[in-house]
Structures are given as C-alpha cells and as structure tokens.
Amino acid sequence: MIIKARLVLILALSVVGLQCNAGANSSPPSNNASANAVVVKHSYQIVNIYPHDSGAFTQGLIFVDGKLYEGTGQEGRSSLREVDLQTGRVLKKTDVPEPFFAEGITLLNGKIYQLTWKNKMGFIYNAQTLEKIGQFAYTGEGWGITNDGRSLIISDGSNRIKFLDPDSFRVTKTIAVTDGPASVDQLNELEYVNGEIYANIWHDQRIVTIDPQNGRVTGWIDLTGLLQPGAVQDEEAVLNGIAYDQANNRLFVTGKLWPQLFEIKIKRQS
Ligand SMILES: [Ca+2]
C-alpha cells in the first residue's frame, strides 16, 4: 500500500511538473488561462467555406439582416464593406482616409459604428448606404466592438471590456475578463452571441466566450487547424473576425488576409 501511495504521489508530482513546463513555454503568460482554471473547451465543425478577400485586413465582421459587413484595418487600406457571402465580392465600400487605422464594427439601430486603433475616434455610418453620418470620441485604444441591443461593447487590447451608451458614448460599465485567477488580455474582435460575448485574442487560435455580467470566461473554442497550413504567409494574418447571423443561427469566422471565411458550428461541452 505504501509503495502504491508513493507511486501515486510521484505521478501527481510529474503531472504538476508537466503543467509548470507547459506554462513556462506559453506566450504570452497572461493568456495561459487554461492551465490554471477549470475550463470548458468546445469543439467545432466546419459547415461551409466561402471565399474571402485575401487583401482584407479583417478587424470587424458582422452579419445583420441577411448582410455581411466587414471592417478592414491598416493605414491607407482601412475600409467599411458590404460583402457578398457566397462569392466574397465587395458590394459596397467606404474607404477610411489616412491616417486612420480602422478596427471593429457593429450595427445598432440602423447605424454601423467603426472604431479606430489609436486615433480615439470612431465613425458612424448609415448601414444601408455605408455613407458616413457622424463620428464619436472615446478614450484609450479601439480594438473590437459589438453590442447587446442597448450598449456598445468595446475591447481595447487589454482584458477589459467597456460598455458605452450609444447616444452619449459615456462608459456605463467595465468588466475584467478572467478565467479563474488568470487575466485574459489582448481581447480583439468581438461578437455578442445569445447572451455571451465571443472574443478573438490577438495572435491566438482560440475564441474565448465571456459572461457579460461579470467578465468570467464561460468557455474556449480552439480553432487551430481551421485554415490549411501555408494558406497565409504574413505573420499578422491571424484569426480575427466573428459574425453571428442570429436569424439563421449561423456563426462565421475568418482572419486577417485569409483567403477563406468559414461557417462553423460549435459543439458545446458542459
Ligand atoms: Ca464581430
């Protein structure tokens, strides 16, 4: 019995050692939440694959009322587009002038809101025409944006998500995203899906799902292997872009400069 107990102890210590090594090799450490907490990992399956403009540096993706909209970034290449899902063809486009580096987009009450990265200025468009009809100021960086039907919900590259009143643009609530004791930062493109916030994490193959009430992580969706190896060359061509078609319960994902856009189905584990 003693020998057996010792064996169990050695095995347990070995597991702890392996976890420590895994933690030491992960980068960045603040995103190594899965090793520290009870995590729900969801799997996925590909439902459809559509063409995507491989010149589009995707920073925002939404699907509303049967239309796919995309916001693209980089100075001089930033834009807001309406895109044909089936062909990937750009149907309408409004360019964002230099020096603005456009980021996430969301549609609320017929208006599309688009963030910019470091310019502390967002743009407002008529969703039908993509004509610019206004702008708004905010503090900090702008990364991803979505909405819950009432508030604009904004990420800034940290682990914080801010809720803004869409009329006054005042911050009404801020949540810190945590998975157990671990902070989950570099939150990027966002999507509000059935009462949860889905977020891309910059340079990470995982989407994190978040409780908007308290910032607690509710699950992880690992999309490693979604894009064929070698399909993109640019180091910045990372997973970014989540759009939910609420009417048909479809979830779309793509990445910066990716040649494809995927409809995926999440297989939830609980
Ligand atoms: Ca989105």
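Residues numbered from 1 in each chain as written. Predicted model: local features only at pLDDT ≥ 70, side-chain atom pairs only at ≥ 80, totals over all residues. Heavy atoms only, no water.

**Considerations on the coordination of the calcium ion**
No. 1: Coordination sphere of the calcium ion, protein contribution only: L61 (O), E189 (OE), E189 (OE), L190 (O), E191 (OE) and I242 (O), at 2.4 to 2.9 Å.
No. 2: Between the six donor atoms coordinating the calcium ion, the angles at the centre fall across 48 to 174 degrees, so the site counts as irregular.
No. 3: In primary sequence terms, the donor set of the calcium ion follows L-x127-E-L-E-x50-I.
No. 4: Accessibility expressed as a relative area gives 0% for L190, which makes it buried. (Donors = N, O, S within 2.8 Å, 3.2 Å for Na, K, Ca; no water. Tetrahedral: all angles 85-135°; square planar, octahedral: opposite > 155°, others 65-115°. Buried < 20%, exposed > 50% of the residue type's maximum accessible area, 1.4 Å probe, protein only.)

**With respect to the environment of N147**
No. 1: Residue position: N147 is located in strand β10 (residues 145–147).
No. 2: According to the relative accessible area criterion, N147 is buried, its value standing at 13%.
No. 3: Remark: the alpha-carbon pair of N147 and L107, spanning 40 residues in sequence, is separated by 7.7 Å.
No. 4: At 3.0 Å, the side chain of N147 and the backbone oxygen of L107 are in polar contact.
No. 5: At a separation of 2.8 Å, a polar atom in the side chain of N147 contacts the main-chain amide nitrogen of G149. (Helix = DSSP H or I, 4+ residues; strand = E, 2+ residues; numbered from the N terminus. Polar contact = N/O pair within 3.5 Å; in protein donor to acceptor, adjacent residues only side chain to side chain.)

**Concerning unusual backbone geometry**
No. 1: For the peptide bond that leads from E98 to P99, omega is 10 degrees, which places it in the cis range.
No. 2: Positive phi, close to 65 degrees, is recorded for L130, a residue that is not glycine.
No. 3: Locating L130 in the fold gives a position in the loop between β8 (121–126) and β9 (132–137).
No. 4: Take L130: its relative accessible area is 0%, and that puts it in the buried class.

**Topic: the pairing of strand β12 (residues 160–164)**
No. 1: When you tally the buried positions in β12, you get four out of five residues, the bulk of the element.
No. 2: Taken together, strand β11 (residues 152–155) and the strand that follows it, β12, pair antiparallel across an intervening segment of four residues, in which G157 is found at a positive phi of about 90 degrees.
No. 3: Hairpin connection from β12 to strand β13 (residues 171–176): six residues lie between these consecutive antiparallel strands, with F169 at a positive phi of about 60 degrees. (Pairing = 2+ DSSP bridges.)

**With respect to the environment of T87**
No. 1: Note that T87 resides in the loop between β4 (79–83) and β5 (90–95).
No. 2: For the pair T87 and P51, spaced 36 residues apart in the sequence, the C-alpha separation amounts to 5.9 Å.

**Concerning the pattern of salt bridges**
No. 1: In this structure the tally under the stated criterion is seven salt bridges.
No. 2: Taking the shortest distance from any N to any O, the salt bridge between D53 and R81 comes out at 2.8 Å. One end of the pair, D53, is in the loop between β1 (41–51) and β2 (58–64); the other, R81, is in strand β4, with 28 residues separating them in the sequence.
No. 3: Given a relative accessible area of 8%, R81 falls into the buried group.
No. 4: The partner of R150 in a salt bridge is D148, and the shortest N-O contact between them spans 3.5 Å.
No. 5: Under the relative-accessibility criterion, D148 is labelled buried at 16%. (Salt bridge = Lys/Arg side-chain N within 4 Å of Asp/Glu carboxyl O.)

The analysis is restricted to geometry; functional conclusions fall outside its scope.
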